[in-house]
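Single-letter residue listing:
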Amino acid sequence: MPRGLIIEDDTIISDNIVEATAKIMTLEQAFDGEEGFFKASQNIYDIIILDLMLPTISGFDVLKKIREKKIDTAVLILSAKDSVDDKITGFNLGADDYLAKPFNLNELQMRIKALLKRTMKFEIDSELKYQDMILSDNRTIISGSQSINLQGKEYEFLTYLLENKNTILTKEQIFDRVWGFTSDTSITVVEVYMSNLRKKLKKIGHEKMIRTIRNVGYLVEPDEK
């Protein structure tokens, strides 16, 4: 499931959006610009919903800073500032969409779905593939007549790897994406889960699809046979 971040200081609005989008994505919350920028800088989200009038750092500055860090996550601005100049500023800083407050939650859902479909590396709710292997949305990997069930965070782990084929993912990025950087779990859990995943992939002949980049992280090899 896609993972998003909402940076909004109004807790009621933020909670309403989290509830309204629960079937679309997992949405984490930040309630001021500084916290929002810190979380957005982890570069582990598929979409960021950004208010402009925030404590500590304005939404415009948050957007500017994350784009300066070369983070290209889709950004949807939500703001009561709905003048043409504000919208132009937002788009010039790198926003992907702009929705003025007050807004309809159904419209917000449609805009989020449109952004995710346009910017993510796969279609929402679709199957992910590697050669003859399919990662099904029922938490199963299928290869030919074989199928293996994934347990715990194995599905989220493998999904994240397959979404980013040919891209080196650090252990920190994987941990933040799958477990959340506020988790009390140790980062060593990444190696444990990788070992378990490799054992399961070996049963279907794909144990070599994930390459370890020493002291850095992991890379899913190109899927050409």
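It should be emphasised that the depicted structure is a prediction, and the values quoted were computed from it without experimental measurement.

A.B. asks: Describe the overall build of the protein chain, and please don't skip the residues or the numbers.
C.D. replies: In terms of regular secondary structure, the protein chain is built from eight helices and twelve strands. In terms of C-alpha radius of gyration, the protein chain reaches 19 Å, essentially the compact-globule figure of 17 Å for 225 residues. Taken across its 225 residues, the protein chain has 45% of its residues classed as buried. For the protein chain, the share of sequence-separated contacts (at least 6 apart) that also reach a separation of at least 24 residues comes to 55%.

A.B. asks: How would you summarise the pairing of strand E1 (residues 3-7) if you had to cite specific residues and measurements?
C.D. replies: The element E1 is largely enclosed, with a buried count of five among its five residues. The side-chain alternation of E1 yields two buried faces, one formed by Arg3, Leu5 and Ile7 and the other by Gly4 and Ile6. The pairing of E1 with strand E2 (residues 26-30) spans five bridges and is parallel. Counterpart to Ile7 in the pairing with E2 is Ala30. Bridge analysis of E1 against strand E3 (residues 47-51) gives four bridges, and the strand direction is parallel. Looking at E3, one finds that Leu5 is bridged to Ile48.

A.B. asks: I'd like a rundown of the pattern of salt bridges, residues and numbers included.
C.D. replies: If you walk through the whole model with that rule in mind, you get 14 salt bridges. We note a salt bridge from Glu163 to Arg177, for which the minimum N-O separation is 3.7 Å. In this pair, Glu163 is assigned in helix H6 (residues 154-163) and Arg177 in helix H7 (residues 171-178), connecting sequence segments 14 residues apart. In terms of burial, Glu163 and Arg177 fall into one category: buried. Among the charged side chains, a salt-bridge network with shared partners connects Glu8, Asp51 and Lys101.

A.B. asks: Before we move on, could you go through the nonpolar core and cite the residues and values that matter?
C.D. replies: With 49 residues, the main nonpolar core has Leu161 and Ile174 as its most contacted residues. In this view, Ile174 contacts Phe157, Tyr160, Leu161, Leu169, Trp179, Val190 and Tyr218; residues no more than four positions away in its chain are not counted. Counting 15 residues, the second largest nonpolar core, distinct from the first, contains Ile17, Ile49, Leu108 and Leu116.

What counts, and at which threshold
Residues numbered from 1 in each chain as written. Predicted model: local features only at pLDDT ≥ 70, side-chain atom pairs only at ≥ 80, totals over all residues. Heavy atoms only, no water. Helix = DSSP H or I, 4+ residues; strand = E, 2+ residues; numbered from the N terminus. Rg over C-alpha atoms; globule rule 2.2 N^0.38 Å. Buried < 20%, exposed > 50% of the residue type's maximum accessible area, 1.4 Å probe, protein only. Contact = heavy atoms within 4.5 Å. Pairing = 2+ DSSP bridges. Salt bridge = Lys/Arg side-chain N within 4 Å of Asp/Glu carboxyl O. Core = buried A, V, L, I, M, F, W, Y, C linked by side-chain atoms within 4.5 Å.

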